[in-house]
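Overview (structure and organization)
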Amino acid sequence: MYLEFENIAAHSRVWVYQSDRKFDSEELTWIKSHLKSFCEQWNTHGALMPTSFEIKFDQVIILSVDESNLGASGCSIDSSVRTLRDIEQKFGVNLLDQGKVGFLNSEDNLAINSVFGIKESVQSGIVRPETRILNPLVREKADLENNWLIPAKESWLNKYFQN
């Protein structure tokens, strides 16, 4: 059962997937339609769940499920991964690799770096202690408001800054 993202409960579980590049307007239209169709039928053991999605920065897909009445099963999560793989294959992007670090290089422009290359970005000054990064530890929709975009110095990247 699809709900608009602003109507999904704050305690709803979220999964955040970063694309290695921005989607163009045609891709975004297709992705939104595809994700809405998926959410309309997303179920666990045959029971529909309140679900939603949002796309941030034209390259971050956030899926959400209100698990208060029924938790997402392994099979239902697998079906969401298949949907993301469809997007990956159709547009030649990488969504499922979790070895990426997203950070804002301007107020609303997201850059994606490999976890293996982020130290170099810190050392070269591209990522600074106050640079806002996407916190991969968010688990609920409410976390997106308060704990999703955090200063790099408040994350695991702090070890790369001279204190």
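Structure's up top.
We now turn to the structure provided with this report.

Scoring rules and cut-offs
- Residues numbered from 1 in each chain as written.
- Predicted model: local features only at pLDDT ≥ 70, side-chain atom pairs only at ≥ 80, totals over all residues.
- Heavy atoms only, no water.
- Helix = DSSP H or I, 4+ residues; strand = E, 2+ residues; numbered from the N terminus.
- Buried < 20%, exposed > 50% of the residue type's maximum accessible area, 1.4 Å probe, protein only.
- Contact = heavy atoms within 4.5 Å.
- Areas by Shrake-Rupley, 256 points an atom, 1.4 Å probe, with all protein chains shown as cover.
- Phe/Tyr/Trp six-rings, centres within 6.5 Å; stacked < 30°, edge-to-face > 60°.
- Lys NZ or Arg CZ within 6 Å of the ring centre and 35° of its normal.

1. Here's the deal with the overall build of the protein chain
On a plain count of helices and strands, the protein chain comes out with 4 helices and 9 strands. Listed by position from the N terminus, the elements making up the protein chain come as β-α-β-β-β-β-α-β-β-α-β-α-β. When burial is assessed residue by residue, the protein chain has 45% of its 163 residues classed as buried. Counting contacts in the protein chain only where the partners sit at least 6 residues apart, residues at least 24 apart contribute 65% of the total. If you sum the accessible surface of the protein chain, you get close to 8800 Å²; carbon and sulfur atoms cover 46% of it.

2. Looking at the packing of aromatic side chains
As enumerated under the stated definition, the model contains 4 aromatic pairs in all. A ring pair is formed by Phe-57 and Trp-148, whose centres lie 6.1 Å apart and whose planes are at 35°; its orientation type is tilted. Of this pair, Phe-57 sits in the loop between strand 4 (51-56) and strand 5 (60-65) while Trp-148 sits in the loop between helix 4 (141-146) and strand 9 (149-151), placing them 91 residues apart in sequence. Taking 6.2 Å as the distance between ring centres and 75° as the angle between the ring planes, the aromatic pair formed by Trp-156 and Tyr-160 counts as edge-to-face. Classification of Trp-156 by relative accessible area gives partly exposed; the value is 35%. In this structure, Lys-90 is placed above the aromatic ring of Trp-30, and the distance from its NZ or CZ to the ring centre is 5.2 Å.

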